[in-house]
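The lines below spell out each chain.
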Amino acid sequence: MIINVTDQAGENHELEGLEGWRVMEVIRDWGLNIKAECGGALSCATCHVYVDKDWLDVVGAPSDDEEDMLDSVGDVRSNSRLSCQILCSDALDGLKLTLAPSAAKD
Amino acid sequence: MSTEITTDVVVIGAGPCGLFAAFELGLLDIKCHFIDILDRPGGQCAELYPEKPIYDIPAFPVVTGQQLTDNLMAQIAPFAPEFHFNRMVNSIEKQEDGSFKLETDADEIFHAKVIVIAAGGGSFQPKRPPVEGIEQYENKSVFYAVRKMDDFRDQDVVIVGGGDSALDWTLNLQPIVRSLTLVHRRDAFKAAPASVNKMKEMVMEGKINFLLGQIGKLDGENGQINHVHLTTDAGDLSVPATRLLPFFGLTMKLGPVADWGLELNDNTIKVDTEKFETSVPGIFAIGDINWYPGKLKLILSGFHEAALMAQAAKAIVSPGERVVFQYTTSSTKLQKKLGVA
């Protein structure tokens with residue numbers, strides 16, 4: 001499956017994802033600018049992404065816990081998600097995301 | 001006057017790997033002191049995910065971050081390491097005799113033969129909201145913590161966030177400020193229900209303003225803000241403000257470690273894989289903060305690194321002393337140290 005990621009500098013990247021991986025892990029593995037501080041424990045919000053509007057329904061809504069974590073960043077939009085909470089699957093082949101400024105490494 | 005402490009080893013960071021280092025050092029009769037920016041042991045495990053299950057610690061099919069920390073504290077208790085919490089190491093200076101002098105932001109000076117950096121992803125520091133130019137106002141009119149309440153007296157204060165810190169300071173500061181605006185992105189709060197109810201009462205009584213939105217940009221000059229721009233569902237707003245308190249929690253940053261003259265790789269410290277020593281002899285780095293080819297950021301790896309580091313540290317702390325490698329299962333000498341024989 002392919003995930004299309006636009007980084008904070010506006011550059012597009014076509015990443016190969018693996019079924020069952022978290023989208024955060026794919027982005028981190030490809031070396032893009034994502035801090036992902038807690039490693040997927042839903043405890044930091046440093047893997048914040050904006051999901052392309054066309055993919056929002058497929059990806060689904062954030063859980064209450066994810067919403068709580070999103071409170072800890074200052075650049076939340078209506079299409080914000082934490083990429084550690086999106087699991088790669090065939091249904092997400094072609095997914096389009098943009099890395100949020102708050103996901104950047106220092 | 002500064003407090004001066006002399007010890008064999010100073011461990012910077014009291015996360016799992018640092019704590020286990022105290023065990024390995026203790027088996028070799030090496031005394032250590034811990035310095036940590038947090039107010040308790042456990043590092044990232046205790047701060048970020050105390051209740052989250054960890055599945056890859058050997059012999060623990062599942063253990064939470066807090067349980068792991070508690071167990072490590074029990075394991076190192078026989079060696080009585082000393083902890084210095086709520087402090088940051090500001091500087092490290094190598095002395096002529098090869099030892100080190102460390103200064104903390106709590107006006108302490110440590111003298112140690114060996115330094116072990118076990119600081120994980122760095123030190124926990126407040127999250128800076130992505131607002132352009134906010135740095136120029138920090139510690140002048142933008143604060144990430146309230147040190148002195150009087151700094152907020154008769155000021156127009158904007159507090160951003162929906163957690164306990166935001167709510168607590170909204171309630172505490174309201175009686176002394178000129179005006180107070182609480183900004184949160186949604187009408188749900190991750191704070192104590194009693195605080196949320198009290199805040200809502202104050203809004204009803206007109207004592208504070210509550211706005212749904214996020215901070216956009218700041219207006220001001222010479223470090224002093226005068227307006228905070230907010231993005232809300234109803235459009236953009238400008239709120240008069242002389243003090244801004246963003247409460248977005250903590251994140252990890254390398255911090256002063258970057259200034260200690262160690263060879264770095266990105267935001268990590270380069271070490272060898274024999275001793276886990278940095279580019280400065282006598283300074284070691286273990287756990288997530290170090291880097292070597294093949295490094296895996298696992299607690300498991302940090303434990304292994306701590307054991308090898310301790311053997312190398314022994315040669316520095318007690319030069320010339322022959323170290324016989326022993327197992328805790330069979331050595332009565334080690335068992336006596338652990339208080340079980």
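Peer 1: Could you give an account of the pattern of salt bridges, with specific residues and numbers?
Peer 2: As enumerated under the stated definition, the model contains 23 salt bridges over all chains in all. Linking arginine 185 of chain B and aspartate 71 of chain A is a salt bridge whose minimum nitrogen-to-oxygen distance equals 2.8 Å. Here aspartate 71 of chain A lies in the loop between helix 3 (64-70) and strand 4 (80-82) and arginine 185 of chain B lies in the loop between strand 11 (179-184) and helix 5 (193-204), a pairing that spans two chains. The class for aspartate 71 of chain A is buried, based on a relative accessible area of 9%. For glutamate 205 of chain B, the salt bridge is made with lysine 207 of chain B, and the minimal N-O distance between the two is 3.1 Å. Residue glutamate 205 of chain B is classed as partly exposed on the basis of its relative accessible area of 48%. Its relative accessible area of 44% is what places lysine 207 of chain B among the partly exposed residues. Salt bridges sharing partners connect three or more residues here, namely Glu67, Asp68 and Asp71 of chain A together with Arg185 and Arg186 of chain B.

Peer 1: Go over the pairing of strand 8 (residues 108-117) of chain B, please, and point to the residues and values.
Peer 2: All names here are of chain B. In terms of burial, strand 8 is largely enclosed, as eight of its 10 residues are buried. Across nine bridges, strand 1 (residues 3-12) lies against strand 8 in parallel orientation. Paired with threonine 6 across the strands is histidine 111, a residue of strand 8. Bridging between strand 7 (residues 100-104) and strand 8 involves four bridges; their strand directions are antiparallel. Following the sheet pairing, lysine 101 is matched in strand 8 by histidine 111. Adjacent in sequence and paired antiparallel, strand 7 and strand 8 are bridged by three residues, among which aspartate 107 carries a positive phi angle near 60°. The pairing of strand 8 with strand 20 (residues 283-285) spans three bridges and is classified as parallel. Its bridge partner lying in strand 20, isoleucine 117 is registered against alanine 285.

Peer 1: I'd love a proper account of the nonpolar core, names of residues and values included.
Peer 2: Counting 72 residues, the largest nonpolar core has Val9, Ile12, Leu25, Ile92, Leu102, Ile117 and Ile286 of chain B as its most contacted members. Among all residues touching leucine 25 of chain B, those that are not within four sequence positions of it are Val9, Val11, Ile30, Cys32, Met309, Ala310 and Ala313 of chain B. Counting residues in hydrophobic clusters, the runner-up holds 31 residues, among them Val26, Ala45, Met69 and Val76 of chain A.

Peer 1: So what's going on with the interface of chain B and chain A? Which residues, and what values?
Peer 2: Opposite the 19 residues of chain B that make contact, chain A presents 21 residues. Between chain B and chain A lies a buried interface of about 1,700 Å² when both sides are counted; carbon and sulfur atoms form 43% of it. On the chain B side of the contact with chain A, Pro130, Arg185 and Gln214 of chain B bury the most area, a combined 28% of that side's loss. Arginine 185 of chain B serves as the salt-bridge partner of glutamate 67 of chain A, at 2.6 Å between the closest nitrogen and oxygen. Inspection of the chain B/chain A interface yields 16 residue pairs in polar contact (both at pLDDT 80 or more). It is strand 17 (residues 250-253) of chain B that contributes the most residues to the side of chain B that touches chain A, four residues altogether. Class assignment of the residues belonging to the side of chain B that touches chain A gives a composition of seven nonpolar, five polar and seven charged.

Thresholds applied
Residues numbered from 1 in each chain as written. Chains lettered and ligands numbered in written order. Predicted model: local features only at pLDDT ≥ 70, side-chain atom pairs only at ≥ 80, totals over all residues. Heavy atoms only, no water. Salt bridge = Lys/Arg side-chain N within 4 Å of Asp/Glu carboxyl O. Helix = DSSP H or I, 4+ residues; strand = E, 2+ residues; numbered from the N terminus. Buried < 20%, exposed > 50% of the residue type's maximum accessible area, 1.4 Å probe, protein only. Pairing = 2+ DSSP bridges. Core = buried A, V, L, I, M, F, W, Y, C linked by side-chain atoms within 4.5 Å. Contact = heavy atoms within 4.5 Å. Buried area = accessible area lost by both parts, 1.4 Å probe. Polar contact = N/O pair within 3.5 Å; in protein donor to acceptor, adjacent residues only side chain to side chain. Nonpolar A, V, L, I, M, F, W, Y, C, P; charged D, E, K, R; others polar.

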